[in-house]
Amino acid sequence: MSVLRTPAGTVRWAGRDLGSWPVLVALAMLWLVFQAANPNFLSADNLVNLALQVAPLGVLTLGVVLVLLVGQIDLSTGAVSGLAAAVVAVGLSQQRWPGWLAVLVAIAVGAVVGAVYGWAFTRLGLPSFVLTLAGLLVTLGVQMRVLGTTGSLNLPFESWLVRFSQQAFLPDWLGYLLAAALTLTYPAIRLVERRRRAAAELPLEPGRDLAVRTALLAVATLLPTWYLQTNRGIGASVALFLLLVLVVDLLLRRTRWGRSVRAVGSNVGSAHRAGFAVRHVYVSAFVACSSLAALGGVMQAGRLAAANQGSGGSDTNLTVIAAAVIGGTSLFGGRGSAWSAPLGMLVVGTISSGLTLLNLDSAPRYIVTGLVLALAVTLDALGRRRAPATGR
Amino acid sequence: MSDEAILAEPAAISLRGVSHSYGAVRALVDVDLDVRGHEVVAVVGDNGAGKSTLVGVLSGVLVPDAGEVVVDGRETQLTSPGLARGLGIATVFQDLALCEDLDVVENLFLGQEIRRGPMLDEVAMEREAQRLLAQLAVRVPSLRAPVAELSGGQRQAVAIARALLGEPRVLVLDEPTASLGVTQTAEVLTLVERVRDSGFGVVLVSHNLADVQAVADRVVVLRRGRLNGEFDADVASYEQIVAAITGVAPPGEAAR
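Criteria and thresholds
Residues numbered from 1 in each chain as written. Chains lettered and ligands numbered in written order. Predicted model: local features only at pLDDT ≥ 70, side-chain atom pairs only at ≥ 80, totals over all residues. Heavy atoms only, no water. UniProt positions renumbered as here; feature names shortened; annotations may be inferred. Salt bridge = Lys/Arg side-chain N within 4 Å of Asp/Glu carboxyl O. Helix = DSSP H or I, 4+ residues; strand = E, 2+ residues; numbered from the N terminus. Buried < 20%, exposed > 50% of the residue type's maximum accessible area, 1.4 Å probe, protein only. Pairing = 2+ DSSP bridges. Axes fitted to C-alpha atoms, helices over the stretch in contact; angles between N-to-C directions. Contact = heavy atoms within 4.5 Å. Parallel < 35°, antiparallel > 145°, perpendicular 65-115°, else oblique. Left-handed = near helix turned anticlockwise from the far one by under 90°. Nonpolar A, V, L, I, M, F, W, Y, C, P; charged D, E, K, R; others polar. Buried area = accessible area lost by both parts, 1.4 Å probe. Polar contact = N/O pair within 3.5 Å; in protein donor to acceptor, adjacent residues only side chain to side chain.

- Chain B appears in an unreviewed UniProt entry as ATP-binding cassette domain-containing protein from Actinotalea lenta.

- The name an unreviewed UniProt entry gives chain A is Xylose transport system permease protein XylH, with Actinotalea lenta as the organism.
- If you open the UniProt record of chain A and go to Function (unreviewed entry), you find "Part of the binding-protein-dependent transport system for D-xylose. Probably responsible for the translocation of the substrate across the membrane."

## Section: the pattern of salt bridges
- Counted under the stated rule, the structure contains 27 salt bridges over all chains.
- A salt bridge links R196 of chain A to D121 of chain B; its shortest N-O distance comes to 3.0 Å. Taken as a pair, R196 of chain A in helix α7 (residues 172–199) and D121 of chain B in the loop between β8 (119–120) and α5 (122–135) lie in two separate chains rather than in one.
- Between R155 of chain B and E100 of chain B there is a salt bridge whose closest N-O contact spans 2.5 Å. Taken together, the positions of R155 of chain B in helix α6 (residues 152–165) and E100 of chain B in the loop between β6 (89–92) and α4 (104–108) put the pair 55 residues apart, joining distant regions of the chain.
- What makes R155 of chain B buried here is its relative accessible area of 4%.
- Through salt bridges with shared partners, a single network forms among R197, R259 and R262 of chain A together with D103, E106, E122, E126 and R144 of chain B.

## Examining the side chain of T185 of chain B
- Its location among the elements puts T185 of chain B in helix α7 (residues 182–197).
- Since its relative accessible area comes to 11%, T185 of chain B is described here as buried.

## Some details on the sheet that holds strand β5 (residues 74–76) of chain B
Residue and element names in this part refer to chain B.
- If you walk across this open sheet you meet the four strands as β2-β1-β4-β5, and the pairing is antiparallel. Edge strands, defined here as strands with exactly one partner in the open sheet, are β2 (25–35) and β5. Each strand of the sheet is rotated relative to its neighbour by a mean of 25°, with strand direction disregarded.
- Where strand β1 (residues 13–22) meets strand β4 (residues 66–71), five bridges bridge the pair, whose relative direction is antiparallel. Each bridged residue has a counterpart across the sheet, and for R16 the counterpart in β4 is E68.
- Seen against the sheet, helix α2 (residues 51–59) touches β1 and β2 and runs at an angle of roughly 60° to β2.

## Observations concerning the packing of helix α1 (residues 21–37) of chain A against helix α14 (residues 340–357) of chain A
All names here are of chain A.
- Running from N to C, α1 and α14 cross one another at 15°; their axes reach a closest spacing of 10 Å. With respect to each other, α1 and α14 are oriented roughly parallel. Between α1 and α14 lies a crossing of left-handed hand. Together, V23, L24, L27, L30, W31 and F34 of α1 and L343, L346, V347, T350, I351, G354 and L355 of α14 make up the contact between the two elements.
- By residue class, the composition of the contact of α1 with α14 is eleven nonpolar, two polar and no charged.

## Some points on the interface of chain B and chain A
- Each partner contributes residues to the interface: chain B has 45 residues there, and chain A has 40 residues.
- Buried area between chain B and chain A, both sides added, is near 3700 Å², and the carbon and sulfur share of it is 51%.
- Applying the counting criterion to the chain B and chain A interface returns eight salt bridges.
- Remark: the boundary between chain B and chain A carries 14 residue pairs in polar contact (both at pLDDT 80 or more).
- No other element matches the seven residues that α5 of chain B contributes to the side of chain B that touches chain A.

## Re the environment of G229 of chain B
- Position of G229 of chain B among the secondary structure elements: in strand β12 (residues 226–232).
- In this structure, the C-alpha to C-alpha distance between G229 of chain B and D34 of chain B, residues 195 residues apart in sequence, is 14 Å.

Okay, here's the thing in structure tokens:
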């Protein structure tokens, strides 16, 4: 009965958003377990490899996060990435296109797929689940046709795409410079904002909190930079991925588009009545997702210096959705952040890399990843269920 | 302001001869309604009496088959929600149209965010939100708490505050207390009085006569889509209003 509700002003923080903490804890535990099982796991060499493996799939996950945020799903990102890999491979090795053209065409193909999804979803009202499932099958077929009879193409080793994805690492000084710039930019922005808040007589966060967070950020950026640079360093593709995460994070939190994405995912009717162009929001999310999937596929093709019928196949479509949810983006729409992509993909990549080091096959990898996903979805569902319990 | 002074004031918004049908069902028949500043007009009626249709017309969601709206002495048509808002009619729908995952400030400015260049100006929005909520004496646990964490009364308050952001002249509230408990109903009704005392006209659509008698200045009764009586809330008795709602007019009480 509504009378039993807590009186105004005493609503507890029961449904409080835990943010990224659960996934960070999970990651720390996995790293400790794998390090105990194999002392090579936390070696700089293995972590450099892990980062290189995670980056292309992380770009796919970033796109999935956007689609999940508007409350929809895209089952076909793996297939789209495979198609983009095929396009870039054909462009580079058969058509002799310049690298930039091949990459642009591949990403454009992804954008077209996303535009078709957006159109069919908003105009025909098809559910995204079935729509993208159909898209997955069509895309797979097109990928095979693009690859031709051989079914497999190697990228020329001397192409910049392969060198970028395999051998390009940030110079040490640049790595430190970027880490330091990030560490200093954050408090600088917060201090400017703090001054404006003070002028507006709004409550200020304690200066100590800002100092602690800046210190944590310094550790979180400089320590991995230093450690990876004792080996080969930060891969260029990893830097590109992190740059994309920063850009998407900024778009989601600080622009009207980002606000509209979260509003549509939270309650599409309310977003519509608030004046957001709901159709455009959906289309933009689908296009961004498929374009990022295509870019991820291009990066993956560069990393493996090949594209074949298996590119982006098998479990990729589902793994990236799992990674987004493990990273903390809700399957129910409206809640999540760009940071779920690197965090979630890092968990999935850790499980894969750790078990490979233990010479285990795919079976335990699927099982462990599945269990972690189940745990993440449980947290998601609990967070969602608890919230309305305090409301009406 | 005295009742006489309010009644002498020209209406901020008037409906003239508004009719609307859904197929063969006549939801509204030749309805007139005046709303002035500084007054709460309650619209009451049984289920299916046409209250929701009236809200639809006032909010611009429904375009009526006949009749017009007079704003500042000029006849016009409310053909879209945006137009209605532009003319100074803000509507709080029964479902509140909030986004539960977004925080209070984000919901207050939903769709009308303040920007600084290409970026959202969170400081300006939070300052404005704080000012507005303080003015209405609305308390929320935190301006940055997701609306999902608020009580029903607080959500209603956030929705009302959002409607007032656009500086409307008339606020239309559709069943604002329908899902609230006793304490929260009292809070929302106090808020309605505060809104009225700040000079806004309020249309309170409700089927809860206790609420209506608590805050309304005038009571307009709808029955089967037609006006079936208009009462001064200070004078009219509960029985008179119920009689007008059910259609059994007591002797001596003239229905319009």
